[in-house]
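# Analysis of the macromolecular model
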Amino acid sequence: MSQATPQVNGENHNGNFHPPAGNHEEMHQRCLNPYRSKVTVVLGAQWGDEGKGKVVDMLATEADIVCRCQGGNNAGHTVVVNGKDFDFHLLPSGIINENCKSIIGNGVVIHLPGLFEELAKNEAKGLTDWEKRLIISNRAHLVFDLHQQVDGLQEAEKGGKSLGTTKKGIGPCYSSKATRNGIRVSDLLGDFKVFSEKFESMVNMYKRLYPTTFEVDVEAELKRYGEYAERLRPLVHDTISFLHTSLKEGRSVLVEGANAAMLDIDFGTYPYVTSSNCSIGGVLTGLGLPPQTIGEVIGVVKAYTTRVGDGPFPTELHDEIGSFLQKRGGEIGVTTKRVRRCGWLDLALLRYTGMVNGYTSLCLTKLDILDTLKEIKVAVSYNLNGERINYFPGSITELGQVEVNYITMPGWLKSTENVRDFNELPPEAQDYIRLIENDLGVPVRWIGVGKGRESIINVKD
């Protein structure tokens, strides 16, 4: 009897199809759930600066992989470990965990000078052996200094109607991506002659748009990027196949969203938004993941509301309480160094971002900032043209015209900074948290009461 013909993927070498072993139902179940683990996602639920980095740092101690899926170095996440402040803009906050891989996914736009500067700064603070843990997608697009220059020129053209961007070149880079003249990491690491031609083509395009104000030293930039290519090469891989293999092998994957739901280019207060999808959809497209891989979706909510830059802000406070929250909360942007606008917690807004993102649990941060207030207001709904509305306005004109309906709760006038058990919180603070849970229908799983990694109340404990 002749030896059996070897089969690969259901075919033998003669091209004859042989069905793989197992019945139809078994195959159906494998297709429904080919992954041994699910992805945990951390997303900002307001206008950013909610404390996502701290949450990711906490969860990363038990994760195998932490990923950034969108945005660029316009985001800023602060992590405090052993009294040291680590500031991350492109790097996933989990890179501090020595047992955890950190992925910069295909949806991120990367400014290489900023990336290497960020690595150097955090190395000086004690970050070590990051080369063994950092993996960068070959499909990620590059932000060049020329994008930053164009960002500034575009803002200047708008004059008094500027959007208040970070001028980090994020919008122009995503524009290059959308118009298909962007340059990816794989282009830089491929044929350098082809990369150079693409770069010069991009420069010439912007020169035509800004003939008197746009200047780039092409020769100097190409020399610099030739050097960056060699530094970058060992870090670059196909992150899509890496992630899928990792999930099928049962590894724990954590995704760190940048920016926040109300800055999402589709669901935020457009045009006062960022240039990427920083809601749950951006996780899928920014890492190449199918929907069935998503498990927990953690919404990070500040105990009050803040916003950087322009745009409507229904609960904004223009009085001494707003100034108090800004000062006590240290509300200055990590990236922009701009003072954040402050206001009361807005449940109408959180209901909206919850619909978009499907939060399975919440982390409430900066509860301790409210410790000394006698009364605390919470926005529960909006009126528009004298009538209560049950939707979140898609028009910034309408959002700017809403009247906010508040409830007033008593403050607790006690320090919560050293509390580590929910039951030890003042009763008024417990009532504040239960109001949030009951209104949103989502459990508050963690409560932040200080800056450090240890300043977290785990409600399940």
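Described in the following lines is the structure provided in the data block. Here the structure is a predicted model, which is why all the values come from computation and not from measurement. (Residues numbered from 1 in each chain as written. Predicted model: local features only at pLDDT ≥ 70, side-chain atom pairs only at ≥ 80, totals over all residues. Heavy atoms only, no water.)

### Overview of the overall build of the chain
Heads up, the rule is: Secondary structure elements follow DSSP: runs of H or I no shorter than four residues count as helices, runs of E no shorter than two count as strands, and numbering proceeds from the N terminus. Throughout, radius of gyration means the C-alpha value; the globule benchmark is 2.2 Å times the number of residues raised to the power 0.38. Burial status follows relative accessibility: with a 1.4 Å probe on protein chains alone, a residue under 20% of its type maximum counts as buried, one over 50% as exposed, and anything between as partly exposed. Working rule for contacts: check all heavy atoms of both residues, and any pair within 4.5 Å makes them a contact. Only the protein chains shown count as covering a residue, and every accessible area follows the Shrake-Rupley method with a 1.4 Å probe. For the purpose of charge, His is not counted, nor are the chain termini; Lys and Arg are scored as positive and Asp and Glu as negative. Here the site of a charge means NZ on Lys, CZ on Arg, CG on Asp, or CD on Glu.
Within the chain, the secondary structure is distributed over 14 helices and 22 strands. At 24 Å, the chain has a C-alpha radius of gyration in line with the 23 Å of a compact globule built from 461 residues. Considered along the principal axes of its C-alpha atoms, the chain spans approximately 85 × 70 × 50 Å. Going through the 461 residues of the chain one by one, you find that 53% of them count as buried. Sequence-distant contacts, at least 24 apart, represent 75% of the contacts inside the chain between residues at least 6 apart. Of the roughly 21,200 Å² of accessible surface on the chain, 49% is carried by carbon and sulfur atoms. Positive and negative side-chain charges of the chain, numbering 50 and 57 respectively, have mean locations separated by a distance of 2 Å.

### Notes on the pairing of strand β3 (residues 39-44)
Just so we agree on the cut-off: Any two strands are treated as partners once DSSP identifies two or more bridges connecting them.
By the criterion of burial, β3 is predominantly enclosed, with five of the six residues buried. When β3 meets strand β12 (residues 253-256), the two strands line up parallel, connected through four bridges. Bridge pairing links Val42 to Glu256 in β12. Judged from the five bridges that link them, β3 and strand β13 (residues 294-302) form a sheet pairing that is parallel. Pairing of Val42 across the sheet is with Ile298, part of β13.

### Digging into the sheet that holds strand β9 (residues 134-137)
Ordered by their spatial adjacency, ten strands build an open sheet running β11-β9-β7-β4-β12-β3-β13-β17-β21-β22, and the pairing between neighbours is mixed. The sheet is open, and its two borders are formed by β11 (236-237) and β22 (456-458), each paired with just one other strand. When β13 meets strand β17 (residues 361-365), the two strands line up parallel, connected through five bridges. Looking at β17, one finds that Gly299 is bridged to Leu362.

### Structural notes on the nonpolar core
Definition in use: We call a set of buried residues a nonpolar core when its members are Ala, Val, Leu, Ile, Met, Phe, Trp, Tyr or Cys and they connect through side-chain atoms within 4.5 Å of each other.
Formed by 72 residues in total, the largest nonpolar core has its most connected members in Leu367 and Tyr432. Looking at this core element by element, the count peaks at six residues for strand β18 (residues 375-384). Excluding residues within four positions of it along the chain, Tyr432 makes contact with Ala303, Leu345, Leu367, Leu370, Ile376, Val378, Met409 and Trp412.

### Some details on the side chain of Glu118
What counts, and what does not: Salt bridges, as used here, are contacts in which a Lys or Arg side-chain nitrogen is within 4 Å of a carboxyl oxygen on Asp or Glu.
Structurally, Glu118 can be placed in helix α3 (residues 112-124). Despite its burial, Glu118 pairs with no opposite charge; the closest candidate is Arg68, at 6.7 Å N-O. Once residues within four sequence positions are removed from consideration, Glu118 is found in contact with Asp87, Phe88, His89, Leu90 and Leu91.

### Some points on the pairing of strand β21 (residues 444-448)
Among the five residues of β21, five are classified as buried, and the element is accordingly described as predominantly covered. Here β17 runs beside β21; their pairing, made up of three bridges, is parallel. Bridge pairing in β21 places Cys363 opposite Trp446. Sheet topology places β21 next to β22; three bridges connect them, and they run antiparallel. Looking at the pairing, Trp446 lines up with Asn458 of β22.

### Observations regarding helix α9 (residues 239-248)
To keep it simple, the criterion reads: What the arc covers is the set of directions going from the helix axis to the C-beta atoms. Within 3.5 Å is the distance limit for a polar contact, defined as a pair of N or O atoms, with the added protein rule that one can donate a hydrogen and the other accept it, and that residues adjacent in sequence qualify only through two side-chain atoms.
Within the sequence span of α9, burial applies to Thr239, Leu243, His244, Ser246 and Leu247. Here the buried residues of α9 occupy an arc of 160° about the axis, which is enough to place them on one side. One side-chain oxygen at the N-terminal end of α9 lies 3.1 Å from the backbone nitrogen of Ile240; it belongs to Asp238. Trailing α9 by a residue or two, Gly250 shows a phi angle of about 90°, which is positive.

### A closer look at the pattern of salt bridges
For the structure on display, the rule yields 15 salt bridges. Its salt-bridge partner being Lys366, residue Glu331 comes within 2.9 Å of it at the nearest N-O pair. Remark: Lys366 occurs in the loop between β17 and β18 and Glu331 occurs in the loop between α11 (320-328) and β15 (341-343); sequence separation between them is 35 residues. Take Glu331: its relative accessible area is 0%, and that puts it in the buried class. The network of salt bridges with shared partners includes Asp49, Lys302, Glu331, Arg340 and Lys366.

### With respect to the packing of helix α12 (residues 347-357) against helix α14 (residues 427-440)
Each packed pair of helices is defined by two parameters, the angle between the axes and the distance between the axes. Our working rule: The angle between two axes is taken between their N-to-C directions and runs from 0 to 180 degrees, where each axis is a line fitted to C-alpha atoms and a helix contributes only its stretch in contact. Should an angle fall under 35 degrees it is taken as roughly parallel, and over 145 as roughly antiparallel, whereas 65 to 115 is taken as roughly perpendicular and any remaining angle as oblique. The handedness criterion is simple: a crossing whose near helix is rotated anticlockwise from the far helix by less than a right angle is left-handed, and one whose near helix is rotated clockwise is right-handed.
Remark: α12 packs on α14, axes separated minimally by 10 Å, with the N-to-C direction vectors making an angle of 45°. Overall, the two elements α12 and α14 adopt an arrangement that is oblique. Note that α12 runs across α14; the crossing there is right-handed. Judged by residue contacts, Leu347, Leu350 and Arg351 of α12 engage Leu435, Ile436, Asp439 and Leu440 from α14.

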